[in-house]
Amino acid sequence: MPARGLQLRMQLEDTVRRQTAQMPKRALVTALQISDKYQHIDGDQFYVAIERVRHPGLAGKPVVIRYKSIVSATSYEARALGIKAGMPYAQAVEIAVREKAGLAVLPSDTETYVAVSNSLIQMAKEANPETEVYSIDEVFCRYPQADWEDLEEAGRKIMTRVHDELGVTVSVGNGLTKYSAKMCTKHFKPNRMTTCRDFSDYARMFHKMPVDDLHGVGEKTAEKLAALNIHTVESLAESQPWELRPTFKEKWSNFLVAAAWGTARWEFVPWYVQAITPPKSVGNTAGLQFRMRGSLEAAAEALIGAVVITSHRMQVHNYTGNTITVGLRYNTAGSMDNTNQQKLNMHTNSEERIVGAALSMLTKLYDETAERQAINRVGVKVSGIKADMPLQLEFAKT
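This report concerns the structure included in the present document. Position numbers for residues start from 1 in each chain and track the written sequence from start to end. Note on the predicted model: pLDDT of at least 70 is required for a residue's local features to be given, and 80 or more for side-chain atom pairs to be given and counted; whole-chain, interface and lining totals, by contrast, use all residues. Excluded from the side-chain calculations are hydrogens and water; all other atoms, namely the structure's heavy atoms, are used.

## Quick word on the sheet that holds strand 6 (residues 138–144)
Working step 1: The strand order 5-6-1-7-8 describes an open sheet built from five strands, whose pairing is mixed. Each having just a single partner strand, strand 5 (131–135) and strand 8 (193–196) make up the two edges of the open sheet. Each strand of the sheet is rotated relative to its neighbour by a mean of 20°, with strand direction disregarded. If DSSP finds at least two bridges between two strands, the strands pair. Only DSSP runs of H or I covering at least 4 residues are called helices, and only runs of E covering at least 2 are called strands; the numbering of each starts at the N terminus. Fitted lines through C-alpha atoms serve as axes, helices being fitted only where they are in contact, and the angles separating the N-to-C directions of these axes extend from 0 to 180 degrees.

Pasting the structure below:
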């Protein structure tokens, strides 16, 4: 390592030691190897923003993107009414009527969304080849031994270029970990850049928030933490993982405490590795509202939402798969309890093909299930994954 790089690394590690010394001993987690910094680039209401480029009159109005019977994306104005992605479209209409709000509804245009996504990803790769494609509108960039000023300058440039060339906006988060960078974009949007430089910044920015404001912490986990008298991110940060283990598994206990300090470790997989080592499977799950459990129609709508997310993840990576698995879950946690699998005669990442196979399997599972009222979650998984190599290995400009 060059002398300058070694000196920077020693300075960074000394900073970590001093920051760690200030943390309550109850909250100490696995030490970070701080030689890298991370930047998260996240599209703002991405699908809606693309549609507003084509339909400027939609600016400032509640907008939903519809795919079959579900809401696949929403504008911030629609979210303010309580309309969320993955919600049944009929429920979104009920909310709009109740709130006396005019709702603009557009059909999903996956081909266009993926094309704009590819442009966004290419811009990120040209700015920094160390880029990981996280979702259709999110990337992470890794900056080894960089100054915060370098990340902020890069962030300003990508925000400007995306807006000028694509007409949409992105928010940028900078942090010592992917998780802390993601927390910045989760809570400071739209069209903003936020930097979380150390543990003190993280505590100041997030510790007063409710615990379910942590990325990855949902309603069920928050309820279990509340039973332990843990209501804020700060109170979780003051806990030790072993104190949570009667309620949560060891791995999840460790994650929760680490998340409360922004030190949750997510592996960084750059795009050129993603291209040659695709995952074994890609999937998603969706929960069922209590009052809708037992309804095949509600389960089908939830499953369609899970398929849309899965298909878009595959398309942005140019992954295809040939085996579809659908699962039902009765318990509050863990793997699916009842599954059905179908192998297709071709590889695909098409929403229509995956939805068709998935709904057929879901109907069969429901016909075979006596405990329909206990079903609380449905899921889909596509396996037999392969990558479209010629597209994936189109190297970024430098």
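Following the structure, the description resumes.
## Some details on the environment of serine 119
Working step 1: In this fold, serine 119 is placed in helix 5 (residues 110–127).
Working step 2: With relative accessibility at 30%, the residue serine 119 sits in the partly exposed group.
Working step 3: Each C-alpha atom, one on serine 119 and one on valine 162, is 8.8 Å from the other, the two residues being 43 residues apart in sequence. The classification of residues rests on relative accessible area computed with a 1.4 Å probe and restricted to protein chains. Under 20% of the type maximum is buried, over 50% is exposed, and intermediate values are partly exposed.

## Details of the packing of aromatic side chains
Working step 1: Between 30 and 60 degrees the pair is tilted, below 30 it is stacked and above 60 it is edge-to-face, where a pair is any two Phe, Tyr or Trp rings, Trp via its six-membered ring, whose centres lie within 6.5 Å. By the definition in use, this model includes 13 aromatic pairs.
Working step 2: On the numbers, 5.8 Å between centres and 80° between planes, the contact of tryptophan 271 with tyrosine 272 is edge-to-face.
Working step 3: Only when the NZ of Lys or the CZ of Arg is both within 6 Å of the ring centre and within 35 degrees of the ring normal is a charge said to sit over the ring. Sitting above the plane of the tryptophan 271 ring, lysine 125 keeps its charged end 4.0 Å from the centroid.
Working step 4: Here the guanidinium or amino end of lysine 178 rests over the ring plane of phenylalanine 140, the centre of that ring lying 4.9 Å away.

## As for the sheet that holds strand 2 (residues 63–67)
To summarise the sheet geometry, strands pair through backbone hydrogen bonds and adopt either a parallel or an antiparallel arrangement.
Working step 1: Reading across from one edge, 3-2-4 is the order of the three strands in this open sheet, with mixed pairing throughout. The outermost strands of the open sheet, each flanked by one partner alone, are strand 3 (70–74) and strand 4 (104–107). In this sheet, neighbouring strand axes are inclined to one another by 35° on average, regardless of whether the strands run parallel or antiparallel.
Working step 2: Examined bridge by bridge, strand 2 and strand 3 share four bridges and lie antiparallel to one another. Each bridged residue has a counterpart across the sheet, and for isoleucine 65 the counterpart in strand 3 is alanine 73.
Working step 3: Residue contacts are defined here by distance: any two heavy atoms, one from each residue, within 4.5 Å place the two residues in contact. Relative to strand 2, helix 2 (residues 46–54) is tilted by about 105°, and along the sheet it contacts strand 2, strand 3 and strand 4.

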